[in-house]
Amino acid sequence: MRRSLVVGNWKMNGTRSSAESLAKGILSGLGEDVADIAICVPYVFLNEIGQIVQNTRLGLGAQNVADKPSGAYTGEISAGMLKEFGCKYALVGHSERRTYYGDTDESVAARYSQAQEQGIIPVLCIGETLEEREKDKTFEVITTQLDAVLTKAGVNSLDNAVIAYEPVWAIGTGRTATDEQAQEVHQFIRQYIADKDKAVAEKIQILYGGSAKPDNAKGLFAMPDIDGGLIGGASLDAESFLKIYHSV
Ligand code: 13P
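Please read these numbers as outputs of a predicted model, since none were measured by experiment. (Residues numbered from 1 in each chain as written. Predicted model: local features only at pLDDT ≥ 70, side-chain atom pairs only at ≥ 80, totals over all residues. Heavy atoms only, no water.)

Of regular secondary structure, the chain possesses 11 helices and eight strands. Relative to the 2.2 N^0.38 estimate, which gives 18 Å for 248 residues, the radius of gyration of the chain is 17 Å and therefore close to what a compact globule would have. With respect to the three principal axes, the spread of C-alpha positions in the chain is 45 × 45 × 35 Å. For the chain, buried positions account for 53% of its 248 residues. In the chain, once contacts between residues fewer than 6 apart in sequence are set aside, the share between residues at least 24 apart is 73%. Summed over all atoms, the accessible surface of the chain reaches about 11200 Å², with 49% contributed by carbon and sulfur. With 24 positive and 33 negative side-chain charges, the chain shows a separation of 3 Å between the mean positions of the two kinds. (Helix = DSSP H or I, 4+ residues; strand = E, 2+ residues; numbered from the N terminus. Rg over C-alpha atoms; globule rule 2.2 N^0.38 Å. Buried < 20%, exposed > 50% of the residue type's maximum accessible area, 1.4 Å probe, protein only. Contact = heavy atoms within 4.5 Å. Areas by Shrake-Rupley, 256 points an atom, 1.4 Å probe, with all protein chains shown as cover. Lys, Arg positive; Asp, Glu negative; His and termini not counted. Charge placed at Lys NZ, Arg CZ, Asp CG, Glu CD.)

Moving on, we come to the sheet that holds strand S4 (residues 89-92). Read around the barrel, eight strands follow the order S1-S2-S3-S4-S5-S6-S7-S8 and close on themselves; strand pairing throughout is parallel. Each adjacent strand pair in this sheet contributes to an overall mean axis angle of 25°, direction not counted. In this sheet, strand S2 (residues 36-40) lies alongside strand S1 (residues 5-9) in parallel orientation, the contact comprising five bridges. Each residue of the ladder has a partner; that of Leu 5, found in S2, is Asp 36. (Pairing = 2+ DSSP bridges. Axes fitted to C-alpha atoms, helices over the stretch in contact; angles between N-to-C directions.)

What follows covers the pairing of strand S7 (residues 205-209). Regular strands have side chains that alternate between both faces of the sheet. With five of five residues buried, S7 lies mostly within the body of the structure. Here S7 shows a buried face lined by Gln 205, Leu 207 and Gly 209 and a second buried face lined by Ile 206 and Tyr 208. The pairing of strand S6 (residues 162-165) with S7 spans four bridges and is parallel. By the bridge assignment, Val 162 is partnered in S7 with Gln 205. Note that S7 and strand S8 (residues 228-231) share two bridges and pair parallel.

Note that Asn 64 resides in the loop between strand S3 (58-62) and helix H3 (79-84). The exposure class assigned to Asn 64 is buried, which follows from its relative accessible area of 6%. In this structure, Asn 64 is in contact with Tyr 43, Leu 82, Ala 90, Leu 91, Arg 97, Asp 103 and Arg 111, ignoring residues within four places of it in sequence.

To continue, consider the packing of helix H1 (residues 16-28) against helix H2 (residues 46-53). Look at H1 against H2: their axes get within 10 Å of each other, and the N-to-C directions meet at 20°. One finds that H1 runs roughly parallel with respect to H2. Note that H1 runs across H2; the crossing there is right-handed. On the side of H1, the interface is formed by Arg 16, Ala 19, Glu 20, Ala 23, Lys 24 and Leu 27, while H2 contributes Glu 48, Ile 49, Ile 52 and Val 53. (Parallel < 35°, antiparallel > 145°, perpendicular 65-115°, else oblique. Left-handed = near helix turned anticlockwise from the far one by under 90°.)

Right, let's talk about the nonpolar core for a bit. Ranked by internal contacts, the top residues of the largest apolar core, which has 67 residues, are Ile 26, Ile 39, Ile 49, Leu 158 and Ile 189. Excluding anything up to four places from it in sequence, Ile 26 contacts Trp 10, Ile 37, Ile 39, Leu 58, Ala 238, Phe 241 and Leu 242. Counting residues in each nonpolar core, the second largest holds 12 residues, with Ala 38, Val 162, Ala 164 and Leu 207 among its members. (Core = buried A, V, L, I, M, F, W, Y, C linked by side-chain atoms within 4.5 Å.)

All right, on to the site of the ligand then. In the vicinity of the ligand, the residues found are Asn 9, Lys 11, His 94, Glu 166, Ala 170, Ile 171, Gly 172, Gly 210, Ser 211, Leu 230, Gly 232 and Gly 233. Contact with the protein chains removes 97% of the 300 Å² of surface that the ligand exposes when unbound. The residue makeup of the shell around the ligand, split by class, is three nonpolar, seven polar and two charged. (Near = heavy atom within 4 Å. Nonpolar A, V, L, I, M, F, W, Y, C, P; charged D, E, K, R; others polar.)

Okay, the side chain of Ser 4 next. Mapped onto the elements of the fold, Ser 4 is located in the segment before S1. Owing to a relative accessible area of 19%, Ser 4 belongs among the buried residues under this scheme. Dropping the residues within four chain positions of it, Ser 4 is found in contact with Ala 35, Asp 36, Gln 205, Asp 227 and Val 248.

Moving on, we come to helix H11 (residues 238-245). For H11, a buried count of six out of eight residues is recorded, marking the element as mostly surrounded by other parts of the structure. Restricting attention to buried positions, one finds in H11 the residues Ala 238, Ser 240, Phe 241, Leu 242, Ile 244 and Tyr 245. Turning to H11, the residues buried within the fold contact S1, H1, S2, helix H10 (217-221) and S8.

Let us now look at the pattern of salt bridges. Taken as a whole, this structure holds 19 salt bridges when the rule is applied. With a closest N to O distance of 3.6 Å, Lys 68 and Asp 67 form a salt bridge. Judged by relative accessible area, Asp 67 falls into the partly exposed class, the value being 22%. Arg 111 is the partner of Asp 103 in a salt bridge, and the nearest nitrogen-oxygen pair spans 3.4 Å. Connected through shared salt-bridge partners, Arg 2, Arg 190, Glu 202, Asp 225 and Asp 227 make up one network. (Salt bridge = Lys/Arg side-chain N within 4 Å of Asp/Glu carboxyl O.)

See below:
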């Protein structure tokens, strides 16, 4: 049986003090150990939040990682640096990175590999835009995004990775995929991996992201191929995030 995972993606939000209270609020309400849980915080908060969550079961993550190990890459943060700050996870290929900052399937695959080189679990974000869904291209897009990573790192690399299916049209829009719409894509992803390696497919955690909230999380998480969530807006409030966590 797969263990579920709920990850908060704080995106570019918060101040030093609000970030600290949010992390402390989450920790204080963690309660029963029903699933894995982590928060992906802005780089500049990693140090302080890392100290707060140290030796707790609230995992620390970054929102991106460089595609190279070191060198003259102004503004980038390497996987080795993230490791030093105690990161367990790093998001790679978030649609906001792909849309606004030019991340490509190839650079996402390189980021994924860089994370794994340092023992950081990449959370590979994939998903289609509304236009792609309306043109019936969802599975094609998902396949292309997955293939870039599989070609570079191989199917067995997924043993140390998490996949997040985030339909772009559902991110921050308040428009959530229905339980069935999400399950259909999750099932497709798992089957696509199973065709290459059944054991890897059975084991990998596939998270749903896109306007997941306390009132819709239970239904989504009850779907057989949805193993938790990648939560944006609702992870900025400890109570909402914990309610989602306790819905797994
Ligand atoms: P929202 O939950 O705000 O829609 O964001 C989802 C997301 O992008 C998580 O990475």
